[in-house]
Amino acid sequence: MSQDQGRMSDEDLAKQKAIDDWLPVTASRKAKWYYSAFHNITAMVGAGVLSLPYAFSNLGWGPGVTALVLSWIITLFTLWQMVEMHEMIPNKRLDRYHELGQEAFGEKLGLWIVVPQQLVVEVGTCIAYMVTGGKSLKKVHDTLCPDCKDIRTSYWIVIFASVNFVIAQCPNFNSISAVSFAAAVMSMVYSVIAWGASIHKGVAPDVSYGSRAKDTADGVFNFFSALGDIAFAYAGHSVVLEIQATIPSTPELPSKKPMWKGVVVAYIGVAICYFPVAIIGYYYFGNTVDDNILITLERPAWLISLANLFVVIHVIGGYQVFAMPVFDMMETYMVKSLKFPPSFALRFISRTIYVALTMLVGICIPFFGSLLGFLGGFAFAPASYFLPCIIWLKLKKPRKFSLDWTINWICIILGLMLTFLSPIGALRNIILSAKNYKFFS
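An unreviewed UniProt entry lists the protein chain under the name Amino acid transporter transmembrane domain-containing protein, with Crotalaria pallida as the source organism. The annotation that UniProt attaches to the protein chain under Subcellular location (unreviewed entry) is "Cell membrane".

Structure, rendered in structure tokens:
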């Protein structure tokens, strides 16, 4: 009997290994440190960087710079915590954000705390990228051919989605590394175009840095919403453990060393993109800047078209980086809970359905980006700003009132304020803009 059980457990282990070798996050552990760098840049530097000057125009110089610098420091700190906690349990790797949550809060509660937040960030970003990709393609077409027949955004979203249908079939993180590298380069390039073209255009006549609000209430709500815009520019935490899972680990060289090296390079890249775009964009256009600085620029037409094309390439890579952990969750559930055999057909059907659903939501709700500020307030800020701190306090148990304990509590309090304040501003903006919203436009 005991021999049978032993054989059974060996069999189970073999089955488990076969499944892990098939799942997208754990399939290949051959990534180099620089894979981590460009996956993180692709995840972090979203098209949201182009809205930073607009966020500054609602915050003003002091609060704007403070929020941007603080966000950079806090999210780098919480990212370091997640990298450290990946292998904090001897002989075990916490390959997914929800596995870290389960380690801290228990098997069931950990899932309920982490998975909904992670899904809002990842699925929400995928839908927003569908819309961004479609709108950027339309902008390229309209800029290069102003006299051509107008083509609805919906059709451009379908064109953008068709590329993602194909790339989504890449089996795991390492197989999209070339796409992710191209996306990371593009994000750096269009950021440089955004601030370089601003300098070339020169300071706007009668530039003003006063509040763009009509009254005090308007100013307060716009301030809250702009804090959210800056917070959501740092959304890479939802995929960081899954990226680290692809890096090999040995007792001599644990995965956290190459991973951290990649994160530092990525964060230097983030600073190179974010700070010049936000500061130069606001300095040159003041409170007349649009919510996408490329729209404000308009000229020269070829350069702005090129920048929008780079945005398209970037969001293709960004879509894949954020979709991969979702594919992992879906495939884990289907193979482990529903007992489907791991196969290409299962992967092809499930991923095609996912891309199709994100495309359909993007077509139905092309103003999804403005809803993301509201939805994201409940998920983006916790996932990046304070959930890692809570898990750190729970698992590492630093001494009360020690420096470690104090820093974590400061991050938790600032993150909670952000979680409550930014959706308030975003909700008001949704209500005010609702009359302009057009479904299926």
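The discussion continues.
Turning next to the overall build of the protein chain. Within the protein chain one finds 16 helices and zero strands. Computed over its C-alpha atoms, the radius of gyration of the protein chain comes to 22 Å, within 12% of the 22 Å expected for a compact globule of 441 residues. On the principal axes, the C-alpha backbone points of the protein chain span a range of 85 × 55 × 40 Å. Considering only contacts within the protein chain whose residues lie at least 6 apart along the sequence, 84% involve residues at least 24 apart. When the accessible surface of the protein chain is totalled, it reaches about 19,300 Å², and 70% of it is carbon and sulfur. Put simply, the protein chain has 34 plus and 28 minus side-chain charges, and the middle of one group is 1 Å from the middle of the other.

For the rest of this paragraph, the subject is a nonpolar patch on the surface. A surface patch of nonpolar side chains, amounting to about 540 Å² of accessible area, comprises Trp 61, Val 65, Val 69, Ile 73, Val 203, Ile 279 and Tyr 283. Among the elements that line the nonpolar patch, the one with the most residues is helix 4 (residues 61-85), at four residues.

Counted according to the given criterion, the structure contains one disulfide. The disulfide that involves Cys 145 links it to Cys 148, with 1.5 Å between the sulfurs. Taking the sign of the S-S torsion, about 60 degrees here, the bridge from Cys 145 to Cys 148 comes out right-handed. Residue Cys 148 is classed as partly exposed on the basis of its relative accessible area of 34%. Here Cys 364 stays free of any disulfide, with the sulfur of Cys 126 as its closest cysteine sulfur at 17 Å. As a non-bridged cysteine, Cys 389 has Cys 411 as the owner of its nearest cysteine sulfur, 4.3 Å distant. Cys 389 sits in the buried class, given a relative accessible area of 0%.

Membership of the largest hydrophobic core comes to 114 residues, with the highest contact counts inside it found for Val 49, Tyr 234 and Tyr 274. Look past the residues within four positions of Val 49 in its chain and what remains in contact with it is Tyr 190, Ser 191, Cys 273, Tyr 274 and Val 277. Ranked by size, the runner-up nonpolar core spans six residues in total, among them Leu 23, Met 334, Val 335 and Leu 346.

Here the focus is the packing of helix 6 (residues 107-144) against helix 14 (residues 344-364). The N-to-C vectors of helix 6 and helix 14 enclose an angle of 60 degrees; their axes lie 8 Å apart at closest approach. With respect to helix 14, the element helix 6 is oriented oblique. For helix 6 against helix 14, the interelement crossing comes out right-handed. Note on element contacts: helix 14 touches helix 6 through Tyr 354, Val 355, Thr 358, Met 359, Val 361 and Gly 362, opposite Glu 122, Val 123, Cys 126, Ile 127, Met 130 and Val 131.

Rules behind the numbers
- Each chain carries its own residue numbering, running from 1 in the direction its sequence is written.
- pLDDT decides what is reported in this predicted model: residues at 70 or higher carry local features, side-chain atom pairs at 80 or more are listed and counted, and totals for whole chains, interfaces and linings draw on all residues regardless.
- In computing side-chain properties, one takes all heavy atoms of the structure into account and sets aside hydrogens as well as water.
- UniProt positions are given in the numbering used here, feature names are shortened, and annotations may be inferred rather than shown by experiment.
- Secondary structure elements follow DSSP: runs of H or I no shorter than four residues count as helices, runs of E no shorter than two count as strands, and numbering proceeds from the N terminus.
- C-alpha atoms define the radius of gyration in this analysis, and the globule rule sets the expected value at 2.2 Å times the number of residues to the power 0.38.
- Contacts are residue-level and defined by heavy atoms, with any inter-residue pair within 4.5 Å sufficient.
- For the accessible areas, the method is Shrake-Rupley and the probe is 1.4 Å, while residue cover comes only from the protein chains on display.
- Charged-residue counts in this description rest on Lys and Arg as positive and Asp and Glu as negative, His and the chain ends being excluded.
- For this purpose, a charge sits on NZ of Lys, CZ of Arg, CG of Asp or CD of Glu.
- Excluding any residue in a salt bridge, patches collect residues exceeding 30% relative accessible area, merging like charges within 9 Å and nonpolar Val, Leu, Ile, Met, Phe, Trp and Tyr side chains within 5 Å.
- When a carboxyl oxygen of Asp or Glu is within 4 Å of a side-chain nitrogen of Lys or Arg, the pair counts as a salt bridge.
- Cysteine sulfur atoms are paired as a disulfide whenever they come within 2.5 Å of each other.
- The cut-offs for exposure are 20% and 50% of the maximum accessible area for each residue type, with area from a 1.4 Å probe on protein chains only; residues under the lower value are buried, those over the upper are exposed, and the others partly exposed.
- Definition used in this section: a nonpolar core is a set of buried Ala, Val, Leu, Ile, Met, Phe, Trp, Tyr and Cys residues joined via side-chain atoms within 4.5 Å.
- Every angle, taken between N-to-C directions, lies between 0 and 180 degrees, and every axis is a line fitted to C-alpha atoms, over only the stretch in contact when it is a helix.
- Under this scheme an angle from 65 to 115 degrees is roughly perpendicular, one under 35 degrees roughly parallel, and one over 145 degrees roughly antiparallel; angles in between are oblique.
- By convention, the crossing between two helices is left-handed when the near helix turns anticlockwise from the far helix through less than a right angle, and right-handed when the turn is clockwise.

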